[in-house]
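Summary of the model geometry
Given next are the chains, with one letter for each unit.
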Amino acid sequence: MTDARMQLKALLEKTADADLLNEMIGFAANRLMELEADGLCNAGRHERSAERANHRNGYRDRAWETRAGTVDLKIPKLRKGSYFPVFLEHRRTSERALIAVIQEAYVHGISTRSVDDLVKAMGMTGISKSEVSRVCAEIDERVHAFLDRPLEGDWPYLWLDATYVKVRSSGRIVSVAVIIAVAVNTQGRREIIGATVMPVLAEPSFAWTEAETFWSDFLRSLTRRGLRGVKLVLSDAHEGLKAAAAKVLGSSWQRCRVHFMRNALACVAKRNRPMVAAALRNAFDQPSREAASLQWRKLVDAFAEPADRLAKLMREAEDDVLAFMAFPKEHRTQLHSTNPLERLNKEVKRRTHVVGIFPNDDAIIRLVGALMLEHNDEWAVSRRYMTLETVAQVCEDQSIDVARIAAF
């Protein structure tokens, strides 16, 4: 402690030799790291103690960029384990990805005015294309390792949803769909198993054919990685998805109930919407698929005369909207809509809003993939999304040892 005070006194006496503020920050930071390292070792440097838990192993140099300029740090190294100061937390992958996308748009001259202002405010005007490419490659390696990882075991439920972002394509700005795939495994845990960008459809007359081809290719890419045992696919009424799910996965399809309700209420006058919504909810709340279908058909007959558009929509959508009722009652609140993906979509919207217009599809996957990687890590340590016993009822493998899996 006496040495530290002498160093501080000498530092305060400095005026012309160096920038006082810069050196004060460096002194405080290095002193803080020494104290943290002593705490991890449970003993001071060069101190002999029976309670010592670790030993020092030199230092590593690190340049720390601050508003007072570049501060040279000496980070202590330990013989066992590693140490990193709390005030220099590793930047989250998603934050690095966001900065990389902003930099890429800037150096290629295709950024918006808001991105240009952000680049200047963050002091990134001196970056080069080669430096940006290197940073992007590092992030892409982690993101693609996550998105292309093998999938093991059965995945009885698969959610698919899309959110839209803007990207430059062939000299124009277009809106593209970012597809996110989430599934539940035999351990009752959710995982993000895929993400991709749906290309811009060439001609409206071929939209359905192109959409089914896209969905088939995407689902096949998941099966090549090991996706199997899918019983139910949940999504909005995307063109071609229902046919692709049946062809590639052999599964049932559940149309998102929330989106269907919006479509249904749009078919009636505003004053009648509360009554129609209550009637539809009553059908959804029936205890069994048979009872729900019976109530549904009664409503179709009741609406046939005053609201023929609604009756037609209900008649066409009955099997798709009520598909979730063929599964265990304990799962139905999670299976009737794509709401489990809403938080992911909101986070994607929040981050992509900063970029505004993406320079290319790779930049979209870089940022969205990094976000999905972090959310997947959070899900891995959270509580199970579904119980082991109820998931075992759905999976074909009836030999699942619930007690063994619960031990993990």
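**What to know about the overall build of the chain**
When you go through the chain residue by residue, the secondary structure sums to 16 helices and eight strands. In the chain, 63% of the contacts between residues at least 6 apart in sequence involve partners at least 24 apart. Summed over all atoms, the accessible surface of the chain reaches about 22200 Å², with 50% contributed by carbon and sulfur.

**Topic: the pattern of salt bridges**
Tallied over the entire structure, the rule returns 13 salt bridges. Glu34 is paired through a salt bridge with Arg56; the nearest N and O atoms lie 2.7 Å apart. Here Glu34 is found in helix H2 (residues 20–41), whereas its partner Arg56 is found in strand S1 (residues 56–66), with 22 residues between them in sequence. For the pair shown, Glu34 and Arg56 are each scored as buried. A network of salt bridges, in which partner residues are shared, links Glu34, Asp38 and Arg56.

**So, the pairing of strand S7 (residues 252–255)**
Relative to S7, strand S6 (residues 232–235) runs parallel, the two sharing four bridges. Residue pairing across strands places Leu232 opposite Ser252, the latter belonging to S7. Crossover connection from S6 via helix H7 (residues 241–249) to parallel S7: handedness right-handed.

**Quick word on the packing of aromatic side chains**
Throughout the structure, instances matching the rule amount to seven aromatic pairs. Judged by centre distance (5.2 Å) and plane angle (65 degrees), the rings of Phe214 and Trp215 are edge-to-face. Of the two residues, Phe214 and Trp215, neither departs from the other in class, the shared state being buried. Centre to centre, the rings of Phe214 and Phe218 are 6.4 Å apart; their planes meet at 5 degrees, and the pair counts as stacked.

**Describing H7**
For H7, the complete set of buried residues consists of Leu241, Ala244, Ala245, Val248 and Leu249. Along the axis of H7, the buried positions cluster into a sector of 100 degrees, meaning they face one direction only.

**Some details on the nonpolar core**
Counting residues in hydrophobic clusters, the biggest one holds 69 residues, and the most contacted among them are Trp159 and Trp296. Element by element, the count of residues in this core is highest for helix H14 (residues 361–380), at 10 residues. Excluding residues that lie within four positions of it along the chain, Trp296 makes contacts with Phe260, Leu280, Ala283, Phe284, Met314, Glu318, Val321 and Leu322. Residues Leu160, Ala183, Met198 and Leu249 belong to the second largest nonpolar core, which totals 26 residues.

**Points about the packing of helix H8 (residues 257–265) against helix H11 (residues 308–321)**
In contact at an axis separation of 11 Å, H8 and H11 are set at 170 degrees when each is read in the N-to-C sense. Put simply, H8 runs roughly antiparallel to H11. Here Arg257, Phe260, Asn263 and Ala264 of H8 lie close against H11, whose contacting residues are Leu310, Leu313, Met314, Ala317 and Val321. Considering only residue class, the contact of H8 with H11 consists of seven nonpolar, one polar and one charged.

**As for unusual backbone geometry**
Positive phi, normally seen in glycine, also occurs at Asn42, with a value near 60 degrees. Relative to the elements of secondary structure, Asn42 occurs in the loop between H2 and S1. Overall, the relative accessible area of 43% leaves Asn42 in the partly exposed class.

**Looking at the packing of helix H10 (residues 289–303) against H11**
Their axes nearest at 8 Å, the elements H10 and H11 cross at an angle of 165 degrees. Between H10 and H11, the interaxial angle falls into the category roughly antiparallel. For the pair H10 and H11, the crossing hand works out as left-handed. Counting all contacts with H10, which are made through Arg289, Ser293, Trp296, Arg297, Leu299, Val300 and Phe303, the residues of H11 involved are Asp308, Leu310, Ala311, Met314, Arg315, Glu318, Asp319 and Val321. Taken together, the residues that form the contact of H10 with H11 break down as eight nonpolar, one polar and six charged.

**Re the environment of Phe146**
Position of Phe146 among the secondary structure elements: in helix H5 (residues 129–147). Taking the relative accessible area as the measure of exposure, Phe146 reaches 7% and is therefore buried. Separated by 230 residues in sequence, Phe146 and Asn376 have C-alpha atoms that sit 9.7 Å apart.

**Remarks on the confidence of the model for the chain**
In the predicted model, the chain carries a mean pLDDT of 80, and the fraction of residues at 70 or more is 76%. In this model residues 202–208 is a low-confidence stretch, pLDDT under 50, and it forms five contacts with partners more than four residues away in sequence or in other chains. Segment residues 397–408 is flagged for pLDDT under 50; beyond a separation of four residues in sequence, or across chains, it makes 15 contacts in the model.

**With respect to the side chain of Ser251**
Residue placement: Ser251 occurs in the loop between H7 and S7. Setting aside residues up to four positions removed in sequence, Ser251 forms contacts with Val230, Lys231, Leu232, Val233, Ala245 and Ala246.

**As for H10**
The end-to-end C-alpha distance of H10 is 21 Å, a good match for the 21 Å that 15 residues give at a rise of 1.5 Å each. Along H10, the residues classified as buried are Ala292, Ser293, Trp296, Leu299, Val300 and Phe303. One face of H10 carries all of its buried residues, which in axial projection span an arc of 125 degrees. In H10, the exposed positions angled more than 90 degrees off the buried face are occupied by Glu290, Leu294 and Asp301.

**So, the environment of Asn282**
On the secondary structure map, Asn282 appears in helix H9 (residues 273–284). A sequence separation of 13 residues divides Asn282 from Gln295, and the C-alpha atoms of the two residues are 8.2 Å apart.

**What about the side chain of His375?**
Among the structural elements, His375 can be located in helix H14. We classify His375 as buried; its relative accessible area is 7%. With residues up to four places along the chain from it excluded, the contact list for His375 reads Ile192, Arg343, Leu344 and Glu347.

Each value, and the rule that gives it
- Residues numbered from 1 in each chain as written.
- Predicted model: local features only at pLDDT ≥ 70, side-chain atom pairs only at ≥ 80, totals over all residues.
- Heavy atoms only, no water.
- Helix = DSSP H or I, 4+ residues; strand = E, 2+ residues; numbered from the N terminus.
- Contact = heavy atoms within 4.5 Å.
- Areas by Shrake-Rupley, 256 points an atom, 1.4 Å probe, with all protein chains shown as cover.
- Salt bridge = Lys/Arg side-chain N within 4 Å of Asp/Glu carboxyl O.
- Buried < 20%, exposed > 50% of the residue type's maximum accessible area, 1.4 Å probe, protein only.
- Pairing = 2+ DSSP bridges.
- Right-handed = clockwise from strand over helix to strand, strands pointing away.
- Phe/Tyr/Trp six-rings, centres within 6.5 Å; stacked < 30°, edge-to-face > 60°.
- Arc of directions from axis to C-beta.
- Core = buried A, V, L, I, M, F, W, Y, C linked by side-chain atoms within 4.5 Å.
- Axes fitted to C-alpha atoms, helices over the stretch in contact; angles between N-to-C directions.
- Parallel < 35°, antiparallel > 145°, perpendicular 65-115°, else oblique.
- Nonpolar A, V, L, I, M, F, W, Y, C, P; charged D, E, K, R; others polar.
- Left-handed = near helix turned anticlockwise from the far one by under 90°.
- pLDDT = per-residue confidence, 0-100.
- Expected span 1.5 Å × (residues − 1).

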